[in-house]
Structures are given as structure tokens and as C-alpha cells.
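One-letter residues, chain by chain:
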Amino acid sequence: MGKRHAGLKYCCALAATWVGCASTPKTVATPAPSDPTGIALAWCATRSLEKADIGNQELETIVKSWEDPQVLRVFLDGEEYRAVVADGLGDELRQAAILTIARAEGTWAISHIESGQTDLLWPTY
Amino acid sequence: MRLILAVLLLASMPAFAADSPGAGIRSAFDAGTGALGALKRSGATLDTYSVAERLPDGSWLVDARFALDGNTLRLPVKLNDAFDLSWAPVSEYGDALVGMTRSGALPQVQGTPWGSRKRLPAFPVVVTGKRIVTVFGVIPFEPSLKVEPDETLVLHTQRWIHETMADDPAPASFDVLAAGNLAWIDVVRVVYSISATGLFEMNFVGPGTTTLASISGLSPVVFSQMAEVQGVITLGVTALKDTTGFRVAISGALQEASPKTCDPDQTFCASSKAEFDQGLGDVPGIANARFVVAPEYGMPFQRVVEVTGWANDMPVLSIVAP
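All figures in this text were calculated on a predicted structure; none of them were measured in a lab. (Residues numbered from 1 in each chain as written. Chains lettered and ligands numbered in written order. Predicted model: local features only at pLDDT ≥ 70, side-chain atom pairs only at ≥ 80, totals over all residues.)

Would you take a moment to explain the sheet that holds strand β4 (residues 107–117) of chain A for this structure?
Sheet strands pair via backbone hydrogen bonds, and the direction of the pair is either parallel or antiparallel. Read across the sheet, eight strands follow the order β4(A)-β3(A)-β2(A)-β1(A)-β1(B)-β2(B)-β3(B)-β4(B) without closing on themselves; strand pairing throughout is antiparallel. Each of the sheet's edge strands pairs with one partner strand only, and the pair in question is β4 of chain A together with β4 (85–87) of chain B. Taken over all neighbouring pairs, the strand axes of this sheet differ in orientation by 35 degrees on average, direction set aside. Where strand β2 (residues 80–87) of chain A lies against strand β3 (residues 95–104) of chain A, five bridges are found, and the strand directions are antiparallel. Each residue of the ladder has a partner; that of A:A83, found in β3(A), is A:L99. Helix α2 (residues 36–46) of chain A contacts β1 (69–77), β2, β3 and β4 of chain A together with β1 (45–54) of chain B of the sheet and is inclined by roughly 150 degrees relative to β1(A). (Pairing = 2+ DSSP bridges. Helix = DSSP H or I, 4+ residues; strand = E, 2+ residues; numbered from the N terminus. Axes fitted to C-alpha atoms, helices over the stretch in contact; angles between N-to-C directions. Contact = placed C-beta atoms within 7 Å.)

Encoded structure:
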């Protein structure tokens, strides 16, 4: 871990304002993320399912049980981005939340959340 | 102690840190590191990123997108977990990418726009008649009729897998930007060197209708596994004087020539997609089988790309080394 990052973590810990996924410390004063990956990282803190399919109980159960939510992948899909979020790093196949991040009124925002697998976008044959 | 606290506070200021892949790439592009500098000098502009893949060590491998002369180019860069640049391709790769794009030497490709193809970050190589340029440097390349891996290219591929990808098993793609006048057998040597090292999804890049496009397929290593599968169709592709000849084998058994064939050695001949579809459709037992394309020795790469680009995304686009 670099010194700058270590210092950042130290200060954030002091202020007790650590939100977001493990690699992306943000403070309350930090502006809203303007990048799809930033949006996905910030979502890890709340894991809000406001944009999820109605009645998606399975997704809620999965997401709320996570101890170490991590953004594994963010990719462009047409005009939108898709983000794969799961519990912890690692390559083992497991369930994930798939966030659709679309541009609305000039800013990126989560438009849809669904359940999926961590191998989304893996090449197959 | 005050000095330490001051340093910590300065270090914690958001203005000093990139907060996303987009910001990290922008900062690196402005600094002009390695291939990013080559793209900057060429007049390319940073667009966005196609994919950001989290690696096992917590860093990010990102395919950055650039606009140049109406084309969209992709370039892999690596960012650490604070989104600062930790690796970029060498400057020579950036120069080769720009040079190849502007040269007019790439084969025409009827495929998906390269910049928007959905895939994980890929290991890119630029191949001319005399050299292979990878993200790690330049490898001299001499045409040869021998299909044997290029040892240096194997080392570069291994470095990509172990160092750049941190042994993340998910990305398994490579992009080939090869001059269309190369013999297919030479492109096969390049493909073999990379796929033998573990990357199996290949993308051939060239000018499409409006921008650079790519066609995607599986490498020969995968074919060797697939050959065990029943119902695999192998197409032997031969460039004839005014048309293209196809020899068709199903599960290894060569099929009889069609009565309409232009050459008794060919199962059928075709010079358009419609003729190809008709000729292939007339072969008994062709339904529900899978394709493999197997070009002949001296066939130009350009011609192979044309052939493989015909059908509506053949289930398997691959090659078989002689």
C-alpha cells in the first residue's frame, strides 16, 4: 500500500466517514461520483435496491449478506455501463449484483439492478 | 508530529487522488506515459473506457478508448487501487498502433466496431511483414513456412498473463492488428504463439464500414480440444483464380464434391456470401454442426478475413495449422 493511500485511510478512519467499497475511500464532503465505476463503488456502501426488480427477494438476501462487497468489473454495453459487484475479490464463480449505469440528464446514475453471476463477460467456447 | 499530521492531511485531500478509472486514465494521458504519449503526439483524443477489470491484487486493468481520424482505438493500461497509473504499454506500441491504423494495410473486416465490442481487456499485437509489436516491445519477425511458436512472443504473452493481469484467469482475449498482405501462415504463427500460452479468444481488427471493426473467434488450441467433439465441420479454404474453393469435412471425414463445384478437389466453390450459404447448405449432414475455418498455406490474410467475415457470426471462427 502506498504512503499516500495509507495516509488517506488513516484520516478517513479518524473522521469515521468511510463509505464505499474497500479501495475507494470517500468522505462525506466528496462530490457525487461522475464516473460509472465510481457510481458502482459508492453503491457498495448503501447496497440500495431501489432500482432492483420489484420483489427480488433473492437479490436482497444475497446483497445484504455480503461482508466485503467489491466491484469486479465495469464495462460499456452500448450507451450504458454494466457493473458486476460481488462479495470479495477472487475468481470463483458466485452470485453477483449486476448494476446498469446509464446517463441521465448529463450524469451517470444506476438505472437498474438485477442478480447475476460473477462470470458475466468471461469468454466462452 | 505537526509535520506528519500536515502530510497526512495533504495526502487525504481528494484533489490529489483520481477517484475513478476515467480520472486515472485522463491523468496518465495528460502525463503522456509510454504508449499514451505516442497517442497524444498523434493527435488522438481520450474518449472513455470500454472495460475496467478488477484484478486479484486489487488493481484495475482498463481498456481505454481513443478517437483518431474517425476511428476508435483501444489501449490497455493498469491502474492501482487508488486509480493511479501503474503500467502502460511501451511507446513503440502506441506508435505501431497509430501507424498501422493510418497505413491502410489492415484487412477489411465486416464485424463489430472494435471500440464497442464487449469483452474483457485483451493482449494486443501489431504485426507487419518484419516485426511484431506488443505492449512490451518490438520482436523481429521473418516470414516462414514453419508453424512454430515465436519464443519471444511467448515470453511477452506470459508476461501479460503473470505481470499485467496478475494471473487473473478471466481475461483470455488477444487482438491482432496484422497487415492484410501477410500470408495467413505467418498470422497463424503469431496466433499459435499467443494461444499456446493460454489466451484463446482472438479478435482480428481492421477497417469496417465506418470505423475499425473486429471479428472474433477461437484459437487453434481450442480447436484441438473441439476436434474430439462430434459434428465439427472443418472448412478448408483455398484461393482460386476467380473464386474461393471450400473443402468440407464433418468430424474429420472429407465430404464428396458437389456436382456444381468449379474444381473436383473442392467440395464447393463460392465468391459471395450467398453462394457460400448455398454451397454449404447443399452438403449432406451439415445441419446442426459447428464450423472451423482452415485456410491453406499461401492464402493472404486479407482473403481469410473476408471469408470468415461472411457468415452471420459463425459459431466458431478458428484456424487449423497444417
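Help me out: how do you make sense of the nonpolar core in this one?
Buried together is how nonpolar side chains tend to be arranged in soluble globular proteins. Counting residues in hydrophobic clusters, the biggest one holds 114 residues, and the most contacted among them are A:A40, A:V85, B:V127, B:V176, B:V187 and B:V190. Counting residues per element, this core draws most heavily on helix α6 (residues 184–195) of chain B, which supplies eight residues. (Core = buried A, V, L, I, M, F, W, Y, C linked by C-beta atoms within 7 Å. Buried ≥ 20, exposed ≤ 12 C-beta atoms within 10 Å, placed from the backbone.)

For this particular structure, what's the right way to read the packing of helix α3 (residues 35–42) of chain B against helix α4 (residues 91–103) of chain B?
The description of two helices packed together rests on the angle between their axes and the distance between the axes. All names here are of chain B. The N-to-C vectors of α3 and α4 enclose an angle of 40 degrees; their axes lie 6 Å apart at closest approach. The two elements α3 and α4 meet at a crossing, and its hand is right-handed. Contacts between α3 and α4 pair A35, L36, G37, A38, L39 and S42 from the former with S91, Y93, G94, D95 and V98 from the latter. Taken together, the residues of the contact of α3 with α4 break down into six nonpolar, four polar and one charged. (Left-handed = near helix turned anticlockwise from the far one by under 90°. Nonpolar A, V, L, I, M, F, W, Y, C, P; charged D, E, K, R; others polar.)

Honestly, the pairing of strand β7 (residues 131–134) of chain B in this entry has me stumped. Any pointers?
Regular strands have side chains that alternate between both faces of the sheet. Residues and elements named next belong to chain B. In this structure, strand β6 (residues 122–127) lies alongside β7, joined through three bridges in antiparallel fashion. Within β7, the position partnered with V125 by the bridge is T134. Sheet topology places β7 next to strand β8 (residues 137–140); four bridges connect them, and they run antiparallel. Residue pairing in the sheet places V133 in a bridge with V138 of β8. Hairpin connection between β7 and β8: a loop of two residues separates the two successive antiparallel strands.

Sorry if this is basic, but what is going on with unusual backbone geometry here?
If a residue is not glycine, its phi is most likely negative; likewise, a peptide bond is most likely trans. Residues and elements named next belong to chain B. Backbone geometry at F83 places phi at a positive 65 degrees, although glycine is not the residue there. Within the fold, F83 resides in the loop between β3 (71–79) and β4. For F83, a count of 27 C-beta atoms within 10 Å gives the class buried. One non-glycine residue, A166, lies in the positive phi region at around 55 degrees. Structurally, A166 is set in the loop between α5 (151–164) and β9 (173–178).

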